[in-house]
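Take a look at the letters that make up each chain.
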Amino acid sequence: MSEIRVRRIKRIAARMRVPGDKSMSHRAVMLAGLAKGTCRITGFLPSDDCVRTLRAMQALGAEVESTDGDRLEITGIGGDCRQVLETIDCGNSGTSMRLLAGILAGQPFSSRLSGDASLTSRPMARIIKPLTEMGALIKSENGNDRAPLLIQASRLHSVHHHSPVASAQVKSCVLLAGMFAEGGTAVTEPQQSRDHTERMMRHFMLPVRTDGLTTHIQGLSTPAARDFNVPGDFSSAAFWIAAAAALPGARLIVENLGLNPTRTGLMTVLLRMGAQMRENLDSADAIEPFGTIEVRGAPLHGTTVEGPLIANVIDEIPIIAVLGALADGTTVIKDAGELRFKETDRLAAIATNLAAFGVPVNETQDGLLIQGGSPLHGATVDSLGDHRIAMAFAILGLFCSGETRILNTDCIRTSYPGFEEQLAHLHHRRRKRGGSA
Ligand code: S3P
């Protein structure tokens, strides 16, 4: 089992890029795999999670040529999937499982989806329910609303699903199933979640329409072949943005970064905390906006993160909690009960790990209260197999005296291959400029 050791950083002066967006990579590969014709996907994130989706699409009949790790040429199956006899193993990836279930629900054959110990303990009723409403024959093999999921051949019909959770995975599952259903399918969410599926479906010429919090898709539709360039993942850049924002005197530029407004809520949070940063869009009217973020380190103060903003920063809560520990005063996170259903119970994991660093923290039912601003000494903490917990606490280690050890860090490769090298590179730059460890 691998680990990361981190020491205090005194200076950050860097211009960098991060690997491709995870959510967009999953969706690009799914839609290209279903398309009629050949699509070139560049900037694909070759992480464990996205490779699970790629393999599943290959098993369903898509032909994939990889010229390089992040450049794919995919010849789609034109909507006509081939039966997969063996279990589709989604590993640790909730996005693979929930979105693939949408595609598989309307096929004229049965299939079985499973995953690792973390994924098979995450709630699946949120997709079983709408798919069943659409006429799918889908059930949890162990009758506990968890994976493995068994899907039998069925024909889907239109529904209007009102999702009780603001979840892009639920919305996307229903929209993908809607492609194979008769008539029009609609899904309404309580708050705006990331809208990559809608944007990408439009790009692949599918009949999708969004009206406020409701998205409609016209059924029995097949994606056209389109090329797509995946920009850098904002949720990966979030770790470096946070480190630079909290280190007075730091300067950081992140280029070629996805700046979809349903994903960049961390900037709102950081600006409220007193951070100095700005974004420059290279292309505002691209399918997915992208550009550059520039950050200068400054003293931060605590803030409250709650309400509709939570869905926007759903993957950034671990790093926001770390920022709360580094900022003066109290940081409050509310309305974040969904965090209990991620790769691990993230509220519990954050509270345990912050406490190990000596940060005063209270865990509430749907959030955290963090007292920041005290000097911190390094600690040894476990990622609990959760990539974002591992990376967030590695960043906290950059602000501690002594050594910090993050145990169980193999999970980082599910979303961010190369994180450790980029972390070492930040330290290396510092040494080259004359600092000492
Ligand atoms: C994702 C949606 C989010 C997010 C996950 C990726 C996606 O999950 O936490 O990392 O690609 O659709 P929920 O939609 O379940 O909140």
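Above this text sits the structure in question.
Thresholds, definitions, all that
- Residues numbered from 1 in each chain as written.
- Predicted model: local features only at pLDDT ≥ 70, side-chain atom pairs only at ≥ 80, totals over all residues.
- Heavy atoms only, no water.
- Near = heavy atom within 4 Å.
- Polar contact = N/O pair within 3.5 Å; in protein donor to acceptor, adjacent residues only side chain to side chain.
- Areas by Shrake-Rupley, 256 points an atom, 1.4 Å probe, with all protein chains shown as cover.
- Helix = DSSP H or I, 4+ residues; strand = E, 2+ residues; numbered from the N terminus.
- Pairing = 2+ DSSP bridges.
- Salt bridge = Lys/Arg side-chain N within 4 Å of Asp/Glu carboxyl O.
- Buried < 20%, exposed > 50% of the residue type's maximum accessible area, 1.4 Å probe, protein only.

**What about the site of the ligand?**
Looking at the ligand, the residues that line it are Lys22, Ser23, Arg27, Thr95, Ser167, Ala168, Gln169, Arg194, Ile314, Asp315 and Lys342. With respect to the ligand, the side chain of arginine 27 contributes an N or O atom lying 2.6 Å from an oxygen atom. The contact in question runs from an oxygen atom of the ligand to an N or O atom on the backbone of alanine 168, over 2.8 Å. For the ligand, whose free accessible area comes to 380 Å², the fraction covered by protein is 96%. When contributions to the shell around the ligand are tallied by element, the ones reaching two or more residues are helix 1 (22–34) and helix 5 (168–179).

**Remarks on the sheet that holds strand 5 (residues 71–75)**
Read across the sheet, four strands follow the order 4-5-3-16 without closing on themselves; strand pairing throughout is mixed. Only two strands of the sheet have a single neighbouring strand rather than two, namely strand 4 (63–68) and strand 16 (228–229). Bridging between strand 3 (residues 38–42) and strand 5 involves five bridges; their strand directions are antiparallel. Opposite arginine 40, over in strand 5, you have glutamate 73 as the bridge partner.

**Observations regarding the pattern of salt bridges**
Inspection of the entire model under this criterion finds 29 salt bridges. The residue arginine 52 makes a salt bridge to aspartate 89 at a minimum N-O spacing of 3.5 Å. With arginine 52 in helix 2 (residues 48–59) and aspartate 89 in strand 6 (residues 88–89), this residue pair connects regions lying 37 residues apart in the sequence. Relative accessible area serves as the criterion here: at 29%, arginine 52 is assigned to the partly exposed category. The class of aspartate 89 is partly exposed, set by a relative accessible area of 42%. In the salt-bridge network here, residues are joined through shared partners; they are Arg194, Asp315, Glu343, Arg346, Asp386 and Arg388.

**What to know about the pairing of strand 9 (residues 149–152)**
Covered by surrounding structure in strand 9 are Leu149 and Ile151 only, the residues Leu150 and Gln152 on the alternate face being uncovered. Relative to strand 9, strand 7 (residues 111–114) is paired through three bridges, and the arrangement is antiparallel. Residue serine 111 lies in a different strand from strand 9, and its bridge partner there is isoleucine 151. By the bridge criterion, four bridges tie strand 8 (residues 137–140) to strand 9 in an arrangement that is antiparallel. Bridge pairing in strand 9 links isoleucine 138 to isoleucine 151.

**Things to note about unusual backbone geometry**
Outside of glycine, negative phi angles account for most residues, and trans bonds account for most peptide bonds. Cis geometry marks the peptide bond from alanine 147 to proline 148, where omega comes out at 0 degrees. Structurally, proline 148 can be placed in the loop between strand 8 and strand 9. In the Ramachandran plot, leucine 220 falls in the positive-phi region, its phi being about 50 degrees despite a non-glycine side chain. Within the fold, leucine 220 resides in the loop between strand 15 (214–218) and strand 16.

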